[in-house]
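Descriptive structure summary
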Amino acid sequence: MCMAVPGLISEINGEVATVSYNGELKKCKLLIKADKGDYVIAQSGMIVKKVEKGEAYKIFEAME
Amino acid sequence: MNPEAYFLRYARPCADFMHQRKEITGKDLKKLDLMLEEKIKPDKAFIERIFYKAINPLKKLSDDYWNINVIRKYFQKEHNSLIDNKAEGFEHLTGIQKELCRVWEGVIIGVAKDYYEVNYNGNNSKILKGFVKDAKIGDAVFIHYAMAIEKK
């Protein structure tokens, strides 16, 4: 529980980013500044945090 | 508000991530939301099964743990010390997960349509309005997962 899962921004269109969760795509609104290729955490459809790549990989590893 | 709905205000954000990790189903999420909105009778056993990692320490606080005061004490005090002490269920969190999982107290410094700008943890950050729709600059709020949960 309480383990936030990062997604990867695959596309940005204005304020809306397409975020990929293991290939599953979700549209999320950007509340913070982030770019294509960034790992982010979304909450209720809003991107609230950027996650450094190294930390994202660590989280994915822990999930396996 | 019933104690189950109050508990879910704090716990609900975690359910999204459990869903992403396929630990619970979309149907489970819907049921949690209906209980959160007090549209159906709360199913204590169901909530306790999903959020057992929060319920176990909550039970230690009081025998009468389905009580708003006990739940408040858990989320506003106990919860963060479990994270700090890497208690069971919280031992593998990375830095960002810890930050999001912690319950913070912050002060509103700006109000926008979709979000509040809040000073907490030494920074100014944007957070979702969540369950607090009418806060003004200067109000203190509790924050969980970058979302306003309740006013202080």
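This structure is a prediction, so every number in the text was calculated from the model and none was measured. (Residues numbered from 1 in each chain as written. Chains lettered and ligands numbered in written order. Predicted model: local features only at pLDDT ≥ 70, side-chain atom pairs only at ≥ 80, totals over all residues.)

Here we look at the pairing of strand 4 (residues 140-144) of chain B
All names here are of chain B. Condition: Each residue is classified by how many other C-beta atoms fall within 10 Å of its C-beta atom, where C-beta atoms are placed from the backbone; a count of 20 or more means buried, 12 or fewer means exposed, and values in between mean partly exposed. Strands here mean DSSP runs of E at least two residues long; helices mean DSSP runs of H or I at least four residues long; both are numbered from the N terminus. At least two bridges found by DSSP between two strands are what make those strands a pair.
Burial within strand 4 is extensive, with four of its five residues counted as buried. Sheet topology places strand 4 next to strand 5 (residues 147-151); four bridges connect them, and they run antiparallel. Looking at the pairing, Val141 lines up with Lys151 of strand 5. Once strand 4 ends, the chain turns through two residues before running back antiparallel as strand 5, passing Tyr145 with a positive phi of about 50°.

Here's the deal with the interface of chain B and chain A
To keep things clear, this is the line we draw: Any pair of residues counts as being in contact when their C-beta atoms, constructed from backbone geometry, are within 7 Å of one another. Only Asp, Glu, Lys and Arg are considered charged, only Ala, Val, Leu, Ile, Met, Phe, Trp, Tyr, Cys and Pro nonpolar, and every remaining residue, Gly among them, polar.
Taken together, the contact between chain B and chain A spans 25 residues of the former and 20 residues of the latter. Listing elements by their share of the side of chain B that touches chain A, those giving two or more residues are helix 1 (3-20), helix 4 (52-61), helix 6 (95-101) and strand 3 (123-128) of chain B. Residue composition of the side of chain B that touches chain A, grouped by class: 16 nonpolar, six polar and three charged.

Regarding the nonpolar core
Keep this limit in mind: By definition, a nonpolar core groups buried Ala, Val, Leu, Ile, Met, Phe, Trp, Tyr and Cys residues that connect through C-beta atoms lying within 7 Å of each other. Source of the domain bounds: an automatic or database domain assignment.
Within the largest apolar cluster, 60 residues are counted, with the highest numbers of intra-cluster contacts made by A:Val40, B:Ala11, B:Ile127, B:Ile143, B:Ala146, B:Met147 and B:Ala148. It is helix 1 of chain B that contributes the most residues to this core, nine residues altogether. Two domains share this core, each providing at least three of its residues, namely domain 1 (3-96) and domain 2 (102-151) of chain B. Apart from residues lying up to four places away in sequence, B:Met147 is in contact with A:Gln43, B:Pro13, B:Ile127, B:Leu128 and B:Gly130.

Focus: unusual backbone geometry
Residues and elements named next belong to chain B. Positioned with a positive phi, Asn121 is a non-glycine residue whose angle comes to about 55°. Of note, Asn121 is situated in the loop between strand 2 (115-120) and strand 3. Not every positive phi belongs to a glycine, and Ala146 is a case in point at roughly 60°. The topology assignment puts Ala146 in the loop between strand 4 and strand 5.

Some details on the confidence of the model for chain B
Stated formally: The quantity known as pLDDT measures the predictor's confidence residue by residue, on a range of 0 to 100.
In the predicted model, chain B carries a mean pLDDT of 94, and 100% of its residues have values of at least 70. Taken together, the chains of this predicted complex give a pTM of 0.91 and an interface ipTM of 0.88.

Topic: the sheet that holds strand 5 (residues 46-51) of chain A
All names here are of chain A. What counts is decided by this rule: Inter-axis angles, ranging from 0 to 180 degrees, are taken between N-to-C directions of lines fitted to C-alpha atoms, where helices are fitted over the stretch in contact.
Reading around the barrel, the five strands line up as 1-2-3-5-4 and close back on themselves, with mixed pairing between neighbours. The mean inter-strand angle of the sheet, taken between neighbouring strand axes irrespective of direction, is 50°. Strand direction decides the pairing type here: strand 4 (residues 39-43) and strand 5, joined by five bridges, are antiparallel. Paired with Gln43 across the two strands is Met46, which belongs to strand 5.

A short note on the domain arrangement of chain B
Residue and element names in this part refer to chain B. Here chain B is partitioned into domain 1 (3-96) and domain 2 (102-151). Taking only C-alpha atoms, the centre of domain 1 and the centre of domain 2 are 20 Å apart. The set of elements that each furnish at least two residues to the side of domain 1 that touches domain 2 consists of helix 1 and helix 5 (68-84). With five residues, the single largest contributor to the side of domain 1 that touches domain 2 is helix 5.

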